[in-house]
Amino acid sequence: MTYQEVLKNAAGKMGPYCKVCPVCNGRACRNTIPGPGSKGYGDTAIRNFEEWKKIRVNMDTLTQNCSPDTSFDFFGYTMKYPIFAGPVGAVNLHYGDMLDDVTYNQILVSGCAQAGILALTGDGTNPTVMEAASEAIASQNGRGVPTVKPWDVNTLEEKFRLVQKSGSIAVAMDVDAAGLPFLQNLTPPAGSKTVEELAQIVQAAGKPFIVKGIMTVAGALKAKEAGAAAIVVSNHGGRVLDQCPSTAEVLPEIAQAVGDDMALGADGVIIARPYVTAVYGGAQEGIAALTEKLGKELADTMKMCGTPSLSAITRENVRL
């Protein structure tokens, strides 16, 4: 199955909100919740896309000819590419009722494991979502990252018990989900966390803890102070706050404060919406098609820029 076939199949299976655009730029779905869009005007989602478009890579073919090594070490697990499928919840509400969260996460986890990458599974107000996601990760020998919402302490205790049973490599929390409209004023409660609260959560998790939703240097330093093993620079796909800077704009300064010197500073990338399309359009085959498309593009770019491995990528390889 080709990626074009995936897109064609998905167009007939997804709901009215996602338009299965050839380029996921946030314009067709702006201001649509339910849907893959955003609350407000949709400025941030559009800005994410536009600002990443401005970055260019520096070609250099006066180097040794070789096949680039795209492998990536993630807490001791070797991935084929530094690519993660992002966590998505309430897929039947946002993308179409062909799938629910349980079935979606099962397909996503197994498909990503088969493709040599890892999936971050979604969470929801329905406890069966996290239960099924943990079972899906366990069925793949822990190859997956369960992602919990910023719930209250009691709810997180239940979630972490499932995480432990999954045998997962790590666990994540999308703190940026605190701004999602459908998580407000619900039971169980969810919301922002102090550094002290986050530190308790990190300790209770019992696994490498990833904080997703960092958009400032101050936020990154807070996550580090709380004991996070990794952070994800994310504004929740531009869905939760208008007039927010793009991830491309803030990544370099955050990486300089807490990261290393790999290009703009990120070690890997999380891609969410295109993997939803891949699942709806071709299940595990769709995931394989998208992953290989992205992986081949990465390998080709590395070769044309004279970088034989991910560790060889530096800021000299990009032009801002």
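On a predicted model such as this, the values are computed, not experimentally measured, just so you know.

A. Quick look at unusual backbone geometry. Geometrically, the link from Ile33 to Pro34 is a cis peptide bond, its omega value of 5° lying close to zero. Here Pro34 is to be found in the loop between α1 (3-11) and α2 (43-53). We note that Val20 has phi near 50°; this positive angle belongs to a residue other than glycine. On the basis of relative accessible area, Val20 is assigned to the buried category, the value being 12%.

B. View of the pairing of strand β9 (residues 230-233). Bridge count between strand β8 (residues 209-214) and β9: 4 bridges; the pairing is parallel. Within β9, the position partnered with Ile210 by the bridge is Ala230. Crossover handedness for the path β8 to helix α8 (residues 217-225) to β9: right-handed.

C. Up close: the packing of aromatic side chains. Scanning all chains against the criterion turns up 3 aromatic pairs. Note on Phe74 and Phe75: the rings are 4.9 Å apart at their centroids and 65° apart in plane angle, and the pair reads as edge-to-face. Take Phe74: its relative accessible area is 8%, and that puts it in the buried class. Consider the rings of Phe74 and Phe84, whose centres lie 5.0 Å apart with planes at 65°: the pair is edge-to-face. On the criterion of sequence distance, the pair formed by Phe74 in strand β2 (residues 72-74) and Phe84 in strand β4 (residues 83-85) is long-range, its members being 10 residues apart.

How each quantity is defined
- Residues numbered from 1 in each chain as written.
- Predicted model: local features only at pLDDT ≥ 70, side-chain atom pairs only at ≥ 80, totals over all residues.
- Heavy atoms only, no water.
- Helix = DSSP H or I, 4+ residues; strand = E, 2+ residues; numbered from the N terminus.
- Buried < 20%, exposed > 50% of the residue type's maximum accessible area, 1.4 Å probe, protein only.
- Pairing = 2+ DSSP bridges.
- Right-handed = clockwise from strand over helix to strand, strands pointing away.
- Phe/Tyr/Trp six-rings, centres within 6.5 Å; stacked < 30°, edge-to-face > 60°.

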